[in-house]
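Next come the chains, spelled out residue by residue.
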Amino acid sequence: MSKFLPLWPDSASTMSGQVDALYIYLLLVAGVMTALIFVAVTVLAIKYRRVPGREATQIEGSTILEITWSIIPFFVMLTFFIWGAVLYFQERTPPANATEVYVVAKQWMWKIEHMEGQREINELHVPVGQNVKLIMTSQDVIHSFFVPAFRIKQDVLPGRYTTLWFKATVPGRYHLFCAEYCGTMHSGMGGDIVVMEPQEYAQWMAVGATAPLQDTGKELFASLGCATCHRFDVQGRGPNLAGIYNKPVLLEDGRTVTADENYVRESILNPTAKIVNGFKPIMPTFQGIVSDEQLNALVAYVKSLSQPPTGTAGLQNQPAVSPGQTQNVQVQ
Ligand SMILES: [Cu+2]
């Protein structure tokens, strides 16, 4: 339909049809409400028009009528809220099996890093039919990752990660916009999501890969000296990081937090913000020492310490994770 009457952008993800359905519903309800009001105004204007010789009479209010026209629209409007909330939670909850891609925004470009090591600028290649989770941060100001054809949008903030996920359904090239005014060249800050058939994608993936992201992180972990304190064999001066990802961590002040991507990131840049119970605030900050790309690699490495060995080169030397831990990771 959109070719003849381009009211809607391309529809190319599992979410887009659902978002469109909600939009059509909103338009229909708004249309019906508007029609009802216009009909009532017209009919009442005619019925109670001024007629020579007719005296105006005072009409008192009707409680039943007023309650009816309040309660019925209230429940109609609640359906917007419920439907919208259901879609929102679907869009905010990445499936556990999603392929992860790191996105770093800066004035005025999108830098993409695949787990396998491929890097791209202003282009993101993905296979059709695969859940893709984006872990995004900004090097400078607030940007916003917006792909109309997928009906997804998420602000990208400096100093923390935000995430987004999608599953593309139709191969093709879809425009990526920055949807947050971010400076002079904001309107030029765009790109393309290239959705490919799986075989085509595998061919694309086979070319130009450097090291997998977690391997880069592992090298950094060694070269920055992290491994001196965060040991995997004996208890070091810092917590053992094997298996911590997505697990609750008890802090010195009694709080419990989940060791998600933002926690790992914060612990590298601002180590004293959340001190793990039983440890001392002796870790120096790496703010200004590691770039956002290096941070992503370190976060990917820490996360890889919580995944069962898959036999890929990058994961061979990781510490063993007990079956219990592995199960928990998968459940979460
Ligand atoms: Cu921007």
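Residues numbered from 1 in each chain as written. Predicted model: local features only at pLDDT ≥ 70, side-chain atom pairs only at ≥ 80, totals over all residues.

### Things to note about the overall build of the chain
Point 1. When you go through the chain residue by residue, the secondary structure sums to eight helices and 12 strands.
Point 2. Taking 2.2 N^0.38 as the reference for a compact globule, 332 residues should give roughly 20 Å; the C-alpha atoms of the chain span a radius of gyration of 27 Å, well beyond that estimate.
Point 3. For the chain, the proportion of contacts with a sequence separation of at least 24, taken over those separated by at least 6, is 65%. (Helix = DSSP H or I, 4+ residues; strand = E, 2+ residues; numbered from the N terminus. Rg over C-alpha atoms; globule rule 2.2 N^0.38 Å. Contact = placed C-beta atoms within 7 Å.)

### Some words on the domain arrangement of the chain
Point 1. What the domain assignment lists for the chain is domain 1 (1-210) and domain 2 (213-331).
Point 2. The C-alpha centroid of domain 2 is placed 34 Å from the C-alpha centroid of domain 1.
Point 3. Taken residue by residue, the interface counts 11 residues in domain 1 and nine residues in domain 2.
Point 4. Breaking the side of domain 1 that touches domain 2 down by element, the ones donating at least two residues are strand E1 (99-106) and strand E5 (131-138). (Domains from an automatic or database assignment.)

### Some thoughts on the packing of helix H1 (residues 16-47) against helix H2 (residues 63-92)
Point 1. H2 packs onto H1 with a crossing angle of 170 degrees between their chain directions and a minimal axis gap of 11 Å. Classified by the interaxial angle, the pair formed by H1 and H2 is roughly antiparallel. Counting all contacts with H1, which are made through Gln18, Val19, Leu22, Leu26 and Val29, the residues of H2 involved are Val76, Phe80, Trp83, Gly84 and Leu87.
Point 2. Residues that form the contact of H1 with H2 fall into these classes: eight nonpolar, two polar and no charged. (Axes fitted to C-alpha atoms, helices over the stretch in contact; angles between N-to-C directions. Parallel < 35°, antiparallel > 145°, perpendicular 65-115°, else oblique. Nonpolar A, V, L, I, M, F, W, Y, C, P; charged D, E, K, R; others polar.)

### Concerning the pairing of E1
Point 1. A large share of E1 lies buried, amounting to six of its eight residues.
Point 2. Counting the residues between successive antiparallel strands, the hairpin from E1 to strand E2 (residues 109-114) contains two residues. (Buried ≥ 20, exposed ≤ 12 C-beta atoms within 10 Å, placed from the backbone. Pairing = 2+ DSSP bridges.)

### Let's talk about the nonpolar core
Most often, soluble globular proteins have nonpolar side chains that are buried together.
Point 1. The biggest cluster of nonpolar side chains holds 28 residues, and the ones touching the most others in it are Val103, Leu134 and Met136.
Point 2. Those elements that provide at least two residues to this core are E1, E2, strand E4 (123-127), E5, strand E6 (143-147), strand E8 (162-167), strand E9 (172-178) and strand E10 (190-196).
Point 3. The dominant element in this core, judged by the number of residues it contributes, is E1, at five residues.
Point 4. If you look at the next biggest cluster of nonpolar residues, it comprises 16 residues, including Ile244, Val264, Ala297 and Leu305. (Core = buried A, V, L, I, M, F, W, Y, C linked by C-beta atoms within 7 Å.)

### Some remarks on the sheet that holds E4
Think of a sheet as strands paired side by side through backbone hydrogen bonds, with each pair either parallel or antiparallel.
Point 1. Pairing is mixed across the open sheet formed by five strands, whose spatial order is E4-E10-E9-E6-E7. A strand with exactly one partner marks an edge of an open sheet, and here the two such strands are E4 and strand E7 (152-156). Across this sheet, the average inter-strand angle for adjacent strands is 20 degrees, counted without regard to direction.
Point 2. Here E6 pairs with E7 via five bridges, running antiparallel. Along E7, the bridge assignment pairs Ser144 with Asp155.

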